[in-house]
Amino acid sequence: MNIEILITCFSIALGFVLAGLLSSLYQLVTSKPARFEMQAETIIVGIAQIFLIMFAGPAILMRNAIRGRRIEHRNLGWLVASTAIAGAWSLCSGVMLLPFFIVVAQSIG
C-alpha cells in the first residue's frame, strides 16, 4: 500500500475518533448532545464552542445524518453525501492533529 494512502486513512480515522471523543465528552458533561447551534454567554465560552464544533463536527454531522435517515426517512443520497463531507472534515482535523501525535510518539519511544 502506498504510504500516502496509509497516512490519509490514518488521518481520517484520527479525525473521526477525536470527533467522537469530543462529542461524547460534551454530552457527558452537559447531559445534552453536541449541536451546531451556538449560544455563548461570554467570549471564552464562544471560543470553546467554536473549537468544539470545529473538531466534533464530523460526529455531529453523522449523528444528524443517521437520525435523518432513520426517523425522517431521508434519501440514501443525503446519508452518502453527509458521510463524504464528514470524511473530508475528519481528514482535515486529522491532518491538523497528526504532527502533535507524531511528536508525542517520538517522545515516548
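Structure shown above.
Residues numbered from 1 in each chain as written. Predicted model: local features only at pLDDT ≥ 70, side-chain atom pairs only at ≥ 80, totals over all residues. Heavy atoms only, no water.

Draft legend 1. Representation of the environment of Ala88 in the model. Residue placement: Ala88 occurs in helix H3 (residues 76-108). Accessibility expressed as a relative area gives 42% for Ala88, which makes it partly exposed. When the C-alpha positions of Ala88 and Thr30 are compared, they lie 28 Å apart, and in sequence the two are 58 residues distant. (Helix = DSSP H or I, 4+ residues; strand = E, 2+ residues; numbered from the N terminus. Buried < 20%, exposed > 50% of the residue type's maximum accessible area, 1.4 Å probe, protein only.)

Draft legend 2. Looking closely at the pattern of salt bridges. Scanning the entire structure with this criterion turns up two salt bridges. Among the ionic pairs, Glu37 bridges to Arg35, the shortest N-O distance being 2.7 Å. Owing to a relative accessible area of 47%, Arg35 belongs among the partly exposed residues under this scheme. The shortest N-O distance in the salt bridge between Arg74 and Glu72 comes to 2.7 Å. (Salt bridge = Lys/Arg side-chain N within 4 Å of Asp/Glu carboxyl O.)

Draft legend 3. Structural view of unusual backbone geometry. Its identity is not glycine, yet Ser31 carries a phi of approximately 65°, on the positive side. Along the chain, Ser31 falls in the loop between helix H1 (3-30) and helix H2 (43-70). For His73, which is not glycine, the phi dihedral falls at a positive 55°. Mapped onto the elements, His73 comes out in the loop between H2 and H3. Residue classification places His73 among the exposed residues on the basis of a relative accessible area of 63%.

Draft legend 4. Focus on the layout of surface pockets. By volume, the largest pocket amounts to about 370 Å³. Lining the largest pocket are 13 residues, with Tyr26, Lys32, Glu37, Gln39 and Gln49 positioned closest to its centre. Broken down by element, the residue count for the lining of the largest pocket peaks at five residues, all from H2. Taken together, the residues that form the lining of the largest pocket break down as eight nonpolar, two polar and three charged. (1 Å grid on protein atoms, 1.4 Å probe; cavity = no way out; pocket = protein on both sides within 12 Å on 5 of 7 lines; lining within 4 Å. Points joined across faces, edges and corners; volume = space filled by probe spheres on them. Nonpolar A, V, L, I, M, F, W, Y, C, P; charged D, E, K, R; others polar.)

Draft legend 5. Up close: the packing of aromatic side chains. Under the counting rule described, the total for this entry stands at two aromatic pairs. With 6.1 Å between their ring centres and 15° between their planes, Phe36 and Trp89 make a pair best called stacked. Highlighted residues: Phe36 in the loop between H1 and H2 and Trp89 in helix H3, separated in sequence by 53 residues. Among the residues examined, Phe36 registers a relative accessible area of 37% and is labelled partly exposed. Of the residues examined, Trp89 reaches a relative accessible area of 26% and is grouped as partly exposed. Taken together, a centroid distance of 5.3 Å and an interplanar angle of 75° make the contact between Phe100 and Phe101 edge-to-face. (Phe/Tyr/Trp six-rings, centres within 6.5 Å; stacked < 30°, edge-to-face > 60°.)

Draft legend 6. Molecular detail of the side chain of Ser23. Along the polypeptide, Ser23 turns up in helix H1. For Ser23, a relative accessible area of 8% puts it in the buried group. Apart from the residues within four sequence positions on either side, Ser23 is in contact with Ala34, Ala56, Ala59 and Arg63. (Contact = heavy atoms within 4.5 Å.)

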